[in-house]
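# Commentary on secondary and tertiary structure
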Amino acid sequence: MIGAFSSAWTMLKRPTIVWPLLAAIVVFSAMSIVFTFSTAAAPGGSRFTDPPTLLADLAYPGALVQFVGRPVMVTGLVVLAASILHVTGQYSSGLVRMQFVVQPRRSTWLLGNWAALATAAIACALIGALTAVASGYVCAAIWGVDTGEWVSGLGGAAGATANLALGMVAFALAGATLALWLRSSIAALTVALVYALFENMINAAAPFGQGLMPASAFSTVATSGLNGNLYLPSLIATIVLTVAFTAGAFGLVVNRNVTD
Amino acid sequence: MKLNRSPAMIVLRVLSALELISLAVILTNRFTVHLPVVTSTGGPLHGLFYVSTILLALFLPLPRASKWLAAVPGVGGVLALWRAHRHTPAPADEPPSALDLTDEQRRQAIVIADRVTATLSSDTRIGPLSFAVPRGTITGLVGPNGAGKTTALRLLCALVAPSSGSILTAGDPSGAAARMGVLIDSPGLLPSLTARDNLLVLTRLAGWEPAVVDQALERVEMTSAGHRSVGTFSLGMKQRIGLAAALLADPDIVILDEPTNGLDPRGKADLRVFLRELSAEGKTVILATHALDEVDELCDHLIAMDRGRVIFQGRPAQMRRVIPETVLCRAAGPSERDAAAAAFVDAGYEVALDRDAIRVTADTGHGAVLNRLAQKAGVTLTEITAERPTLEQAFLHLTSTPATPDTHDRAGSEEEDVEVPA
């Protein structure tokens, strides 16, 4: 199992995945905080929230929790895409054929990949959260926001980071399952995006399901429930869905032929 | 077909029906009673059924065209099911009898495939296949495109699960499973990783010592390039790294699929030398290829496939004997030619006339006998040439006949001539 993790980690840390992934997370995390401050600094506050957020509102202790959860959708999408590329890369290059010959227990291969993807997702969450908090301090200095009360919110920010990490792990494993299913990065990314629209349609038709279907459940957990959905049902849904995805992935890997 | 009875297919049928019914209800309402409740709920529901049908069809192992048809609004699910039903493969022919191996052959075999069939997700079916690969040989797997060679190799390394039948590999006489190294299609390498890291991915996954990576790189003379990204390698270098990957486990069986594809003549020659070295070390090499000259030069044993069936297995010399050997005799003129031909026919030979030449169906050792017969008839032959059929001619002869259970498993044995019906 450790060998399988180490093997998958060797693939994940290759430059074509690591640098774009890190750059995307850092840039989008920083941009989301800059956007929060710049819109709050506009006359009348941010028009993107109701009631409008003012600069003075960003001085409260819970601001850090808000910052950590701000870039969730973009970070989630980036982690999902990286997971898809990691899995489909093994299929498209043909590496998976040799992997399954040297390690006939395909469940070991899957567990190694799952552990590596989960570790990478947690690392991405930590980097995203740190970038967001650091950007918050920089922006506060630029826009003259008092950060004196933020220290008392650091515990909350740590909890929010843990939630962000959990959400990212769920996004990563969902992406990997999709990739295992379709074995094509383009098809998997397309289906993921179409599915997001599909879930929006369902949520519009049946609002009681919000926070329970994959995309909304994962983002609710990752934002610590700040997106308006109930946290606990979303946490349970996230755990159930992640277990279901993992079980589905096991079924796919163990039973499907490698023909391409 | 199992798929037709699977729960997922039943769900697809229900969704397709709901998609069609909801469309019918919406249209009927639109052109008749105009009930607002139908308009407000029917649209989203129909959208739900439509998207669900597309997604389910996408994930199910249906023919590709069926997946596209599922996207047709309203009737897509029904069309996809209709298309999938039309293209469900017919049941396989009755399997022919299993390969009848002698105890000696069974003891010598490192791989025994017994009545193996496989149905791929693209609805391609191969088999039943029965063959044995003798231990320590270079065995060629030959056949035209689409014969099923690559699928047969994938069956051997458990990348494809057999639908029926069994494959046994024995690494030693005690029956312990053989270790395998494979190079199927192109070398499966991640271009952005170094050669060494690519091999480490496999080594760590298998739980082997990292030292085997250096040994394998040294074996294929790529130690100095180990730290370079595979993306910068030429095809020949990638092929070498692919071979190194196949040799990591010090395998008993090395399976190679078209390993000389794209290699220059120098690379091909090097590879042949390398394969002979492997064979000399006692490893069994299974080599799928189109290049019959390569098979003739390298292989001790060969298995020919056509249309998903094994049509011959045995030594290359045995395969050549599928076509009778001939002796070409030439005489000084037409009258001498006819006199010699008459003498040969009188002696029981089968002859064919070709301008000034006589082609006699006989083993190549019959030249002297034919010469004596001609001399007795008062004819001096100006040329006697033994014509040995090439492997390519034999292969074309075998693949020109339809693959039926009768032609399956044309097997030759060590002790006797090839057992191929005329």
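About the cut-offs
- Residues numbered from 1 in each chain as written.
- Chains lettered and ligands numbered in written order.
- Predicted model: local features only at pLDDT ≥ 70, side-chain atom pairs only at ≥ 80, totals over all residues.
- Helix = DSSP H or I, 4+ residues; strand = E, 2+ residues; numbered from the N terminus.
- Rg over C-alpha atoms; globule rule 2.2 N^0.38 Å.
- Buried ≥ 20, exposed ≤ 12 C-beta atoms within 10 Å, placed from the backbone.
- Contact = placed C-beta atoms within 7 Å.
- Nonpolar A, V, L, I, M, F, W, Y, C, P; charged D, E, K, R; others polar.
- Pairing = 2+ DSSP bridges.
- Right-handed = clockwise from strand over helix to strand, strands pointing away.
- Axes fitted to C-alpha atoms, helices over the stretch in contact; angles between N-to-C directions.
- Parallel < 35°, antiparallel > 145°, perpendicular 65-115°, else oblique.
- Expected span 1.5 Å × (residues − 1).
- Arc of directions from axis to C-beta.
- Core = buried A, V, L, I, M, F, W, Y, C linked by C-beta atoms within 7 Å.
- Domains from an automatic or database assignment.
- Bend = angle between axes of the 7 residues up to and from the residue.

Let's shift gears to the overall build of chain A. Each helix and strand in chain A was counted, giving 10 helices and zero strands. Here chain A has a C-alpha radius of gyration of 20 Å; the compact-globule value for 260 residues is 18 Å, and the two agree. In terms of its C-alpha atoms, chain A occupies a principal-axis envelope of roughly 60 × 40 × 30 Å. Residue burial in chain A is summarised as follows: out of 260 residues, 48% are buried. Long-range contacts, defined as pairs at least 24 residues apart, comprise 78% of the intrachain contacts of chain A with a sequence gap of at least 6.

Another point: the overall build of chain B. Across its full length, chain B carries 15 helices and 13 strands. Taking as baseline every contact in chain B between residues at least 6 positions apart, the subset at least 24 positions apart corresponds to 69%.

Take the interface of chain B and chain A next. Opposite the 35 residues of chain B that make contact, chain A presents 33 residues. Elements with a minimum of two residues in the side of chain B that touches chain A: α2 (36–59), β5 (180–183) and α7 (195–206) of chain B. In terms of residue class, the side of chain B that touches chain A is made up of 25 nonpolar, six polar and four charged.

Residues and elements named next belong to chain B. The element strand β6 (residues 253–257) is largely enclosed, with a buried count of five among its five residues. With burial as the criterion, each face of β6 is covered, one bearing Ile 253, Ile 255 and Asp 257 and the other bearing Val 254 and Leu 256. Of the pairings in the sheet, the one linking β6 to strand β7 (residues 284–289) comprises five bridges and is parallel in character. By the bridge assignment, Ile 255 is partnered in β7 with Ile 286. Following the chain from β6 across helix α10 (residues 265–280) to the adjacent parallel β7, one finds a crossover that is right-handed.

Moving on, we come to the packing of helix α2 (residues 15–40) of chain A against helix α4 (residues 72–93) of chain A. Residues and elements named next belong to chain A. For the pair α2 and α4, the least separation of the axes is 9 Å and the interaxial angle reads 170°. Our classification of the angle between α2 and α4 gives roughly antiparallel. Residues Ile 17, Leu 21, Ala 24, Ile 25, Phe 28 and Ser 29 of α2 lie in contact with α4, whose contacting residues are Val 74, Thr 75, Val 78, Ala 82, Leu 85 and His 86. Across the contact of α2 with α4, the residue classes tally to nine nonpolar, three polar and no charged.

This part takes up helix α8 (residues 185–205) of chain A. Between its first and last C-alpha, α8 of chain A extends 30 Å over 21 residues, near the 30 Å set by a 1.5 Å rise per residue. Among all positions in α8 of chain A, only Ala 188, Leu 189, Val 191 and Ala 192 of chain A are buried. Burial along α8 of chain A is one-sided: seen end-on, the buried residues are contained in an arc of 155°. Set apart from the buried face of α8 of chain A by more than 90 degrees, the exposed residues are Ile 186, Leu 193, Leu 197 and Ala 204 of chain A. The secondary structure elements touched by the buried residues of α8 of chain A are α4 and α7 (154–182) of chain A together with α2 of chain B.

Turning our attention to the nonpolar core. Ranked by size, the top nonpolar core spans 159 residues in total, and within it Val 68, Ala 121, Met 168 and Ala 172 of chain A together with Ala 244, Ile 255 and Ala 304 of chain B carry the most contacts. The leading source of residues in this core is α7 of chain A, at 17 residues. Residues in contact with Met 168 of chain A, not counting those within four places in the same chain, are Thr 75, Gly 76, Val 79, Ala 121, Ile 122, Cys 124, Ala 125 and Ala 222 of chain A. Residues Ala 331, Val 360, Leu 370 and Leu 373 of chain B belong to the second largest nonpolar core, which totals 15 residues.

So, on to the sheet that holds strand β10 (residues 326–331) of chain B. Residues and elements named next belong to chain B. The strand order across the open sheet built from four strands is β11-β12-β10-β13, with neighbouring strands paired in antiparallel fashion. Only two strands of the sheet have a single neighbouring strand rather than two, namely β11 (350–354) and β13 (381–387). Taking the axes of each pair of neighbouring strands and ignoring which way they run, one obtains an average angle of 20° across the sheet. Strands β10, β12 (357–361) and β13 of the sheet are contacted by helix α14 (residues 367–376), whose axis makes an angle of about 155° with β13.

The next subject is the environment of Thr 203 of chain B. Residue and element names in this part refer to chain B. Among the secondary structure elements, Thr 203 is positioned in helix α7. According to the C-beta neighbour criterion, Thr 203 is buried, with 25 such atoms within 10 Å. Taking the C-alpha atoms as reference, Thr 203 lies 8.9 Å from Ala 245; in sequence the two are 42 residues apart. For Thr 203, the contacting residues outside a window of four places in its chain are Trp 208, Pro 210, Val 212, Val 213 and Leu 248.

This part is about the sheet that holds β5 of chain B. In sheet architecture, strand pairing relies on hydrogen bonds along the backbone and comes in two forms, parallel and antiparallel. All names here are of chain B. Pairing in this open sheet of six strands is mixed, and the strands run β5-β6-β7-β3-β8-β9 from one edge to the other. With one partner strand each, in any of the chains shown, β5 and β9 (309–314) form the two edges of the open sheet. Going from strand to strand, the sheet's axes swing by 15° on average, the running direction of each strand aside. The strands touched by helix α6 (residues 149–156) are β3 (138–142), β6, β7 and β8 (301–306); relative to β6, the strand with the most contacts, the crossing angle is about 155°. Its contacts with the sheet put helix α15 (residues 391–400) on β3, β8 and β9, and the angle it makes with β8 is roughly 35°.

Another point: the domain arrangement of chain B. If you check the domain split of chain B, you get domain 1 (2–86), domain 2 (103–320) and domain 3 (326–388). Distance between the C-alpha centres of domain 2 of chain B and domain 3 of chain B: 46 Å.

What follows deals with the pairing of β5 of chain B. Residue and element names in this part refer to chain B. Here β5 shows no split at all, with Met 180 and Val 182 on one side and Gly 181 and Leu 183 on the other all buried. In this structure, β5 lies alongside β6, joined through four bridges in parallel fashion. Looking at the pairing, Val 182 lines up with Ile 255 of β6.

Attention now moves to α2 of chain B. An α-helix turns once per 3.6 residues; consequently, residues spaced three or four apart project the same way. Residues and elements named next belong to chain B. Across its 24 residues, α2 extends 35 Å between first and last C-alpha, which sits within 8% of the 34 Å expected from 1.5 Å per residue. The largest bend in α2 amounts to roughly 30° and is located at Gly 42, with the proline Pro 44 lying one to four residues further along. Among the residues of α2, those classed as buried are His 46, Phe 49, Tyr 50, Thr 53, Ile 54 and Ala 57. Where α2 is buried, its residues meet α1 (7–31), α3 (64–69) and α4 (76–86).

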